[in-house]
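# Examining the three-dimensional arrangement
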Amino acid sequence: MSYVETETASQPECWRRAVDVAADRAAALPADGERVAVVGCGTSYYMAQAYAALRETSGQGESDAFAASEFPFGRAYDRVVALTRSGTTTEVLGLLDRLRGTTRTVAVTADPHTPVRDAADELVVLDFADERSVVQTRFATTALTLFRAHLGLHTDEVVRDAEKALTEPLPDGLLECTQFSFLGRGWTVGIANEAALKMKEASLSWTESYPAMEYRHGPISIATAGTATWMFGAAPKGLAEQVLATGARWVESGLDPLADLVRVQRLAVARASARGLDPDLPRHLTRSVVLEGAPGA
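So, here is what we can say about the structure in this document. (Residues numbered from 1 in each chain as written. Predicted model: local features only at pLDDT ≥ 70, side-chain atom pairs only at ≥ 80, totals over all residues. Heavy atoms only, no water.)

### A few points about the nonpolar core
Going by this rule: By convention a nonpolar core is built from buried Ala, Val, Leu, Ile, Met, Phe, Trp, Tyr and Cys residues, the set being connected through side-chain atoms within 4.5 Å. In this scheme, a residue with accessible area under 20% of its type's maximum is buried, one over 50% is exposed, and one in between is partly exposed, where area comes from a 1.4 Å probe on protein chains only. Strands are runs of DSSP state E lasting at least 2 residues, helices are runs of H or I lasting at least 4, and numbering of each runs from the N terminus. Residue contacts follow a heavy-atom distance rule, with two residues in contact if any of their heavy atoms lie within 4.5 Å.
Within the largest apolar cluster, 61 residues are counted, with the highest numbers of intra-cluster contacts made by Val 108, Leu 126, Leu 144, Leu 146, Phe 182 and Phe 232. Residue contributions to this core peak at eight residues, all from helix α10 (residues 257-274). What Phe 182 contacts, discounting residues up to four positions off in sequence, is Ala 192, Ala 195, Ala 196, Met 199, Thr 207, Glu 208, Ser 209, Tyr 210, Trp 230, Phe 232 and Val 264. Grouped together as the second largest cluster of nonpolar side chains are 18 residues, Val 80, Leu 95, Ala 120 and Leu 123 included.

Structure follows, in structure tokens:
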């Protein structure tokens, strides 16, 4: 069994532990009403998108998400939250260094024995969710569970849905699909972006992701027999019927969207196995991007 399979299967227990960390480290996380930016790279950036959307739409304060390399230093924030599994990512460390002494920062990481310990003002550690696979699964979803719990938006039902996502059969025919479009609305746009990345990394699949309402504005032209369109959360009225009329597969579920992401993780591993790929070691990728000579390196 690959590392990513083991780590994917451990998510329900990791999410339960994240709820306890959210309570224990509440003071380190953004307070209600603060203006917040959330940053990360790759998977962490997409979790930042989901968290920022959840926080703002729940009325707890203005919240933006940025790739760490694209942070707008001309804007003022009460706090910047950085997601970094490894604690060594060059762009994140460089950003935290530039903000030192001007903006309060907190880093959420899996490894506290890395440079991020000294780069951020506060540290929230999810070491129980660290991973050996290059491909992120449980750290990302555990971090988002931490945030949802802190916002008061996590329930035990989410964990039960994750357990279902790990045991129920995947929809028929997906292994044979040639292309996948993942769709979301609001906070699940970040989930859709992460789903597309996961399938690319682990199985070299051709994937795209969009806000669901934007899918009609061009991207639906790719839908045909042999492709799949996967919706996270409730679909816009009529969209499922439009996709099915193209001959493409339509995938949705009644699971919580974060739990539904677990199904995509499983699919990515299954497609990798079917193609003779190692899902733990995507080509051209390493566990952390460290750029020699760059600020923060």
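More follows now that the structure is in view.
### With respect to the sheet that holds strand β8 (residues 227-231)
Applied cut-off: At least two DSSP bridges between two strands are required for those strands to pair. Every angle, taken between N-to-C directions, lies between 0 and 180 degrees, and every axis is a line fitted to C-alpha atoms, over only the stretch in contact when it is a helix.
Ordered by their spatial adjacency, four strands build an open sheet running β7-β6-β8-β9, and the pairing between neighbours is parallel. Of all the strands in the sheet, the pair left with one neighbour each is β7 (207-211) and β9 (249-251). Ignoring which end each strand starts from, the neighbouring axes of this sheet average 20° apart. In this sheet, β9 lies alongside β8 in parallel orientation, the contact comprising three bridges. Paired with Trp 230 across the two strands is Val 251, which belongs to β9. Across the sheet, helix α8 (residues 188-203) lies against β6 (179-184) and β7, angled at about 160° from β6, the strand it touches most. Those strands touched by α10 are β6, β8 and β9, and its axis lies near 155° from that of β8.

### Notes on the packing of aromatic side chains
Going by this rule: Side-chain rings of Phe, Tyr and Trp, where Trp is taken by its six-membered ring, are said to pair if the distance between their centres is within 6.5 Å; with planes under 30 degrees apart they count as stacked, over 60 as edge-to-face, and otherwise as tilted.
Within the structure shown, the criterion is met by 11 aromatic pairs. Note on Phe 71 and Phe 73: the rings are 5.0 Å apart at their centroids and 75° apart in plane angle, and the pair reads as edge-to-face. Overall, the relative accessible area of 7% leaves Phe 71 in the buried class. Its relative accessible area of 34% is what places Phe 73 among the partly exposed residues.

### Thoughts on the sheet that holds strand β5 (residues 122-125)
In space, the five strands of this open sheet follow the order β2-β1-β3-β4-β5, with parallel pairing throughout. The open sheet has two free edges, formed respectively by β2 (63-67) and β5, since each of these has just one partner strand. For this sheet the average axis-to-axis angle between neighbouring strands, irrespective of direction, equals 20°. Summarising the sheet, strand β4 (residues 104-109) and β5 pair through four bridges and their orientation is parallel. In the strand pairing of β5, Val 108 is matched with Val 124. The sheet contacts of helix α3 (residues 43-57) involve β1 (36-40), β2 and β3 (79-84), and relative to β2 the element is tilted by about 170°.

### With respect to the pattern of salt bridges
Cut-off, in case you're wondering: A pair is scored as a salt bridge if a Lys or Arg side-chain nitrogen falls within 4 Å of a carboxyl oxygen belonging to Asp or Glu.
Tallied over the full model, the rule gives 14 salt bridges. Among the ionic pairs, Glu 34 bridges to Arg 79, the shortest N-O distance being 2.9 Å. Taken together, the residues Glu 34 in the loop between α2 (11-24) and β1 and Arg 79 in strand β3 connect sequence positions 45 residues apart. The pair Glu 34 / Arg 79 is uniform in exposure class, with both members buried. Among the salt bridges present, the one from Arg 75 reaches Asp 64, with a minimum N-O distance of 3.5 Å. Separated by 11 residues along the polypeptide, Arg 75 in the loop between β2 and β3 and Asp 64 in strand β2 bring together distant segments of the chain. When salt bridges that share partners are traced, they join Glu 13, Arg 16 and Glu 163 into one network.

### Overview of the pairing of β6
The test is simple: Looking down the strands as they point away from the viewer, one classifies a crossover as right-handed if the path from the first strand across the helix to the second runs clockwise.
For β6, the buried fraction is high: six of the six residues fall into the buried class. Here β6 shows a buried face lined by Gln 179, Ser 181 and Leu 183 and a second buried face lined by Phe 180, Phe 182 and Gly 184. Summarising the sheet, β6 and β8 pair through five bridges and their orientation is parallel. Note that in β8 the partner of Leu 183 across the bridge is Met 231. When β6 meets β7, the two strands line up parallel, connected through five bridges. Looking at β7, one finds that Phe 182 is bridged to Ser 209. In the classification by handedness, the crossover that spans β6, the intervening α8 and the parallel β7 is right-handed.

Bear in mind that shape data such as this cannot, by itself, settle questions of function.
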